[in-house]
Amino acid sequence: MKTILAGKSRYTESLKPALHDAGFETIAVETVPELKALPKAYPVILLQDTELNPLITDKRGAEAAILGLKPKDLIVFLMDQNQDASPYIENCVLNMASHLAGLKRNIAVLLRSSRASDFGFDERYRTARKKGIAFVKYENIDISSDDGKTRIELWDGSAKLTMETLLCIPCEASPASELYAFADALHVRTYGDRAVSGSRGVSGGRWFLNQGTTFKRNVKLIHTDSLGQDTRSIVPSLIRDLKELNEPGQEKIAFVDSKKCAFCFTCYRVCPHSALAPDENNEAMKAEELLCEGCGTCGSNCPAGAIAFRDTEPDRTSEGEVMQQRTDFIGEPMEAMGQDTESVALGTEDMELGREDAGKESQKLKIFCCENSAFPLSSEALIGINAAIQPVACGGEISTSMILEALKQYDSVLAAVCCDDACKHRDGNKRCTRQVERLKERLGKLGYDPNRINSVRIGITMADILRKAALTALKGEVR
Ligand code: SF4
Ligand code: SF4
């Protein structure tokens, strides 16, 4: 398989033989025009050389740096200021902070978001907290220095906190601008807002412990700061990921009905995994089978109802069956109730949103549970609660028509999706909660009780929050 190594890196030459031995023919490019000259189907490995602050990697160096400080003097590790920390950096910070806390030092770690709810990290955070390390989340931060002292003012969205320290350790490796040029050329989705945080996140590392992932399945990103002079550590997982690219990544993937497609590019804009491409000949969008992650976001946003989901074993599903799967599930797609179409009326006047089986002692609550957060928790969190649970690939799959359909049968509908920036499909959780807020507003305007629909964001350790949200929804109370 031909594979592109993109970017100026001191590791390019050492990576080539390792990939060659595994059967990959590598093509090295250093500029975007060189990249654009190559076939789009070739997988791409983005190599990004960055340096890390030695005070989070070198214990001796860190011990030397604190020699002049008193034990009660606050030492601050500053994460996520300009770029979300990669799993490698978060590991380094947890290691070094725990090491210095073990030396009876007063430690605070400042961060925008954490992996405390992820497997493998949850235990680490618990241990660190037991050692007295304070983890302080912030949304905005102001840093000034005066006379060797650093003054930090931060807001966590509700409260303001000010602290002073003689040692503030910045914990990031800011990528070079070429990385963004390559990411844009490859149509790789990024996260975080450059205007707010000074840079954008490219790696999907927020969620996956393994190096290399981005939001586009055939684009891998290697932050060389985590290589420690040796590429061998990442080659096995890289080769495994590249080999998997020969097969679709999901059992169910998107399928565009070219006859129905209005070629409006909505799905192209919202797909978190850049898995849709315009088919100019047919003037219709086309889903790239090997790139689709089956999140459903395109389907819930397509104004023409032209997107269905089919098994990746094509011979098992005929065209007719594909469309049946779609309509069975949600009835006729509501015209353009996508998130971004302000002007579209609900058109609920001809749809009775009262319960078809009102008065019957059946289930009152329908909960759409994201498979990556709420659904694994549902069996534990919802014991004794009379609710219909429906797993969805991502909050982004939950469409307005799905919610309205459910309102025909249930008193209340709850969408339970991932918290913070934990959505594997980039912003499916945020799309879902925005959509629910918008629908509540419209239902209210049309005289329906807006409290009949709600959303909740949870992590995989938050069963109590899911339970509380379900009980609140059952009572039809305001969440
Ligand atoms: S959103 Fe629907 S109609 Fe628009 S381009 Fe995509 S498939 Fe076609
Ligand atoms: S299902 Fe998700 S990944 Fe696949 S094409 Fe649609 S939006 Fe993109």
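Residues numbered from 1 in each chain as written. Chains lettered and ligands numbered in written order. Predicted model: local features only at pLDDT ≥ 70, side-chain atom pairs only at ≥ 80, totals over all residues. Heavy atoms only, no water.

Trainee: Describe the site of ligand 2, with residues and values.
Mentor: Within the structure, ligand 2 sits among 14 residues, and Cys271, Cys292, Glu293, Cys295 and Cys298 are positioned closest to it. Residue classes in the shell around ligand 2 are distributed as nine nonpolar, four polar and one charged. (Near = heavy atom within 4 Å. Nonpolar A, V, L, I, M, F, W, Y, C, P; charged D, E, K, R; others polar.)

Trainee: Before we move on, can you summarise the nonpolar core with the specific residues and values?
Mentor: In terms of nonpolar packing, the biggest core is built from 30 residues, with Ile56, Phe77, Ile107 and Val109 touching the most fellow members. Broken down by secondary-structure element, the contributors of at least two residues to this core are strand S4 (74-78), helix H4 (87-102), strand S5 (106-111), helix H5 (122-130) and strand S10 (167-170). If you tally residues by element for this core, the top one is H4, at eight residues. Setting aside anything within four residues of it in sequence, one finds Ile107 in contact with Leu74, Ile75, Phe77, Ala97, Leu100, Ala101, Gly132, Ile133 and Ala134. By size, the runner-up hydrophobic cluster in this structure holds 19 residues, among which are Ala254, Val256, Cys267 and Leu276. (Core = buried A, V, L, I, M, F, W, Y, C linked by side-chain atoms within 4.5 Å. Buried < 20%, exposed > 50% of the residue type's maximum accessible area, 1.4 Å probe, protein only. Helix = DSSP H or I, 4+ residues; strand = E, 2+ residues; numbered from the N terminus. Contact = heavy atoms within 4.5 Å.)

Trainee: Describe the sheet that holds strand S11 (residues 219-223), with residues and values.
Mentor: Here we have four strands laid out as an open sheet, ordered S2-S1-S3-S11, and parallel in their pairing. The outermost strands of the open sheet, each flanked by one partner alone, are strand S2 (25-29) and S11. The mean angle between the axes of side-by-side strands here comes to 25 degrees, regardless of whether they run parallel or antiparallel. Sheet topology note: the strand S3 (residues 44-48)/S11 ladder contains five bridges and is parallel. Across the sheet, the residue bridging to Ile45 is Lys220, located in S11. Its contacts with the sheet put helix H8 (residues 235-244) on strand S1 (2-6), S3 and S11, and the angle it makes with S11 is roughly 170 degrees. (Pairing = 2+ DSSP bridges. Axes fitted to C-alpha atoms, helices over the stretch in contact; angles between N-to-C directions.)

Trainee: Could you give an account of the pattern of salt bridges, with specific residues and numbers?
Mentor: Going through the model one piece at a time under the given rule, you end up with 17 salt bridges. For Lys160, the salt bridge goes to Glu153, with nearest N and O atoms at 3.6 Å. On the accessibility criterion, Glu153 (18% relative accessible area) is buried. Here Lys252 ties to Asp311 by a salt bridge, and the two come within 2.7 Å at their closest N and O atoms. Residue Lys252 is located in strand S12 (residues 252-256), and its partner Asp311 is located in strand S15 (residues 307-311); the two are separated by 59 residues in the primary sequence. Lys252 sits in the partly exposed class, given a relative accessible area of 40%. Since its relative accessible area comes to 15%, Asp311 is described here as buried. (Salt bridge = Lys/Arg side-chain N within 4 Å of Asp/Glu carboxyl O.)

Trainee: Outline the packing of aromatic side chains, listing residues and values.
Mentor: The tally for this structure, following the rule as stated, stands at three aromatic pairs. Between the aromatic rings of Tyr125 and Phe135, the centroid separation amounts to 4.8 Å while the plane-to-plane angle is 50 degrees, which identifies the pairing as tilted. Of this pair, Tyr125 sits in helix H5 while Phe135 sits in strand S6 (residues 134-137), and the two are ten residues apart along the sequence. With respect to class, Tyr125 is no different from Phe135; both count as buried. Following the ring pairs from residue to residue traces out a cluster consisting of Phe263, Phe265 and Tyr268. (Phe/Tyr/Trp six-rings, centres within 6.5 Å; stacked < 30°, edge-to-face > 60°.)

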